[in-house]
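Summary of structural features
Below, each chain spelled out in residue letters.
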Amino acid sequence: MRQSKSLIRTYREPPADAETKSHRLLVRGGYVRQLTSGVYTFLPLGWRVMKRIMEIIRQEMDAIGAQELFMPSLTSSSLWEESGRWESFGDDMFRLRDRKGRDYALAPTHEEIISEIARNVIHSYKDLPQIWYQLQTKFRDEPRPRGGLLRVREFIMKDSYSLDATWEGLDESYAKHRKAYERIFTRCGLKFVHVKASSGLMGGKESEEFMVISDAGEDRLVLCDSCGYAANVEVAPAIPEERVEESPFKELKKVHTPNVRSIEEVSEFLGVEPKFLVKSLVYMTDEGPVLVLVRGDHEVNEEKLARILPNPRLATADEVLSLLGVEVGFVGPLNVSLPKIADHAVRYLRGFVVGAGEEDHHIVGVNPEDLGDVRWEDIRYATEGDRCPVCGSPLRLVNAIEIGHIFKLGTRYSESMGVFFSDRDGQRKPVIMGSYGIGPGRIMVSAVELYGTENSMLWPKSIAPFDVHIVDLVGEGEEIYDLLRRAGYDVLWDEREERAGVKFKDADLIGVPLRIVIGRAWKDGKVELQDLWAQERLELPKERLLEVLKERLSRP
RNA sequence: CGGGGCGUAGCGCAGCCUGGCAGCGCGCCUGGUUUGGGACCAGGAGGUCCCGGGUUCAAAUCCCGGCGCCCCGACCA
């Protein structure tokens, strides 16, 4: 590609509203452009990167025997009604109506469509197993898109679906995907971890996420530096350090705390760290209201609560008032007749602070034994300093970008949507399914977050938009350009009438990892090859260029 | 959905409070000088000031309504 003819535009200044490094760099480098909230155009440069990522995905999916297909995005409501997700997806689903008034959705994921195909083509155990995948645009009306390309409303996703006759078969399909995913992310040059995850709306049994650790990420993980354990905080067991924490309050005492309600307010008013407060939250359940107690600096994990209590939901302020006769800020566990569930961490506190159960008062100096009858459970998100469930070392809390997710779905969709097959014994059985996603756009973002600096990008060679960038300072590079193109490389040739500084700055921003500078040594028949990953500059006679370039490109 | 901020040239912004010719830097075009890390000089093009309504002799500026975008939170494969 001749750069002077290309649609590559770089910008000296980032858009004012870009918060993440990847957003700034991708816009400045002319990779992407926002159209509306959470919707982006991939400009030619960005699309080249996407195509290379998708090609790697295709190769590795094909390698595990998966077959590529392409399903529609426009889907009628009836399919979603069958699975029950017309309701449960709620506002996250983009919905529209045709001229006859029928309801449609732009597919946010494709389990229902796969099931519809499967129930028509899968009849016998002989038809199984199958793995089908596609690269398709998904639509999700996210309540809040953010971080540039990190969370968007329209995005390409590689989604695959496994169909098996047996649970062992599902395990195999799942294992194949895990392997394929590891190869894909490795080939894309990413550093990643995989973690146990929550399966959320998808429904299902086991699931793992593939994560790139990055401050820009929205997910939170706990990591164990000594044994390598990693998990999403959503599912990680919260095991507190077994060390008693003594507050300054030695005596049980009621104190006047006028209009002091929130954890921050109470903590500041009493001059005590939030960890010495205990939050008392009223949850409504199918078995009646329950008082849930966690440390002031901890967060209740409602998914964990739901494993213990039937359908818990936080009580409204009005419900609390009519139930306990006290306002939300002053609810406390003493002298309350509700059943109590407390997080384990509360057990290690001495002299903590709780609401007094009456307006404008708290009680300080409370000990666990004062709480009376309490059920001790793990009901909160894990956090920094909790213990590793494998080896007991302290855990570290980090942010991460989710780039892939694999699920064992089981029979959730096959049963609701009627995907059955006849087994060897003549019995009709539901197909056992798995579903597996990868966000190519997030791979791109992750690479930028990992390897970009404030003014430069450095793409892994496998997903760079070009194999090599010729920075031609003398305007005589056509010979080299032709040479490399004939050798089959994707070459960007900067033959613009620009000063050297401009060309270098642009090249840094574009971030092609191998760069050939045609400059002052050209009169001696030499060029400079820069390998940005190796941080090396080699001055080479042009005759040796192809040989050395080939070797450099073969390195990761 | 709650809280906050912003919409003025392709990008970054000033002007708004206190109404009176729509500006600055970068980018773009032309000519010249320059030429290995975002050059310099001269000239030039480019605007529904987010939209609609109102107040006024006069609205980017004041008032009312709407739309859009961003951030924090809630939410989320």
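Each value, and the rule that gives it
Residues numbered from 1 in each chain as written. Chains lettered and ligands numbered in written order. Predicted model: local features only at pLDDT ≥ 70, side-chain atom pairs only at ≥ 80, totals over all residues. Heavy atoms only, no water. Phe/Tyr/Trp six-rings, centres within 6.5 Å; stacked < 30°, edge-to-face > 60°. Helix = DSSP H or I, 4+ residues; strand = E, 2+ residues; numbered from the N terminus. Buried < 20%, exposed > 50% of the residue type's maximum accessible area, 1.4 Å probe, protein only. Lys NZ or Arg CZ within 6 Å of the ring centre and 35° of its normal. Arc of directions from axis to C-beta. Contact = heavy atoms within 4.5 Å. Salt bridge = Lys/Arg side-chain N within 4 Å of Asp/Glu carboxyl O. Pairing = 2+ DSSP bridges. Axes fitted to C-alpha atoms, helices over the stretch in contact; angles between N-to-C directions. pLDDT = per-residue confidence, 0-100.

**Observations regarding the packing of aromatic side chains**
Scanning the entire structure with this criterion turns up 11 aromatic pairs. When the ring of Tyr181 is compared with that of Phe210, the centres are 5.4 Å apart and the planes differ by 55 degrees; the resulting orientation is tilted. Separated by 29 residues along the polypeptide, Tyr181 in helix 6 (residues 167–187) and Phe210 in strand 10 (residues 207–213) bring together distant segments of the chain. Of the two residues, Tyr181 and Phe210, both sit in the buried class. Judged by centre distance (5.6 Å) and plane angle (65 degrees), the rings of Phe185 and Phe192 are edge-to-face. Judged by relative accessible area, which is 0%, Phe185 ranks as buried. Here a set of aromatic residues connected by ring pairs shows up, and it is made of Tyr181, Phe185, Phe192 and Phe210. One cation-aromatic arrangement involves Arg95 over Trp86; the distance from NZ or CZ to the ring centre is 4.4 Å.

**Topic: helix 13 (residues 500–510)**
Turn by turn, an α-helix covers 3.6 residues, leaving residues three or four places apart pointing in a common direction. What helix 13 keeps buried is the set Lys503, Asp506, Ala507, Leu509 and Ile510. Mapping the buried residues of helix 13 onto a view down its axis gives an arc of 160 degrees, with all of them on the same face. Lining the buried residues of helix 13 we find helix 1 (21–28), helix 2 (44–63), strand 27 (468–472), strand 28 (491–494) and strand 29 (514–518). Phi turns positive one or two residues past the end of helix 13, at Gly511, with a value near 80 degrees.

**A closer look at the pattern of salt bridges**
If you walk through the whole model with that rule in mind, you get 53 salt bridges. With its nearest N and O atoms 2.5 Å apart, the salt bridge here joins Lys254 to Glu358. Of the two residues, Lys254 sits in strand 14 (residues 253–256) while Glu358 sits in the loop between strand 20 (352–355) and strand 21 (361–366), which places them 104 residues apart along the sequence. A salt bridge links Arg537 to Glu528, with the shortest nitrogen-to-oxygen separation between them at 3.7 Å. For Arg537, a relative accessible area of 63% puts it in the exposed group. Within the structure, one salt-bridge network assembled from shared partners comprises Glu241, Arg243, Glu245, Glu273, Lys275 and Arg387.

**Structural notes on the sheet that holds strand 14**
Strand order across the open sheet formed by three strands is 14-21-20, with antiparallel pairing between neighbours. Each edge of the sheet is formed by a strand with only one pairing partner; in this case those strands are strand 14 and strand 20. In this sheet, neighbouring strand axes are inclined to one another by 30 degrees on average, regardless of whether the strands run parallel or antiparallel. Both strand 20 and strand 21 contribute to a ladder of three bridges, which runs antiparallel. Each residue of the ladder has a partner; that of Gly355, found in strand 21, is His362.

**A word on the confidence of the model for chain A**
Residues of chain A with pLDDT of at least 70 account for 99%, and the chain-wide mean is 92. As scored by the predictor, the complex reaches a pTM of 0.93 and an ipTM of 0.92.

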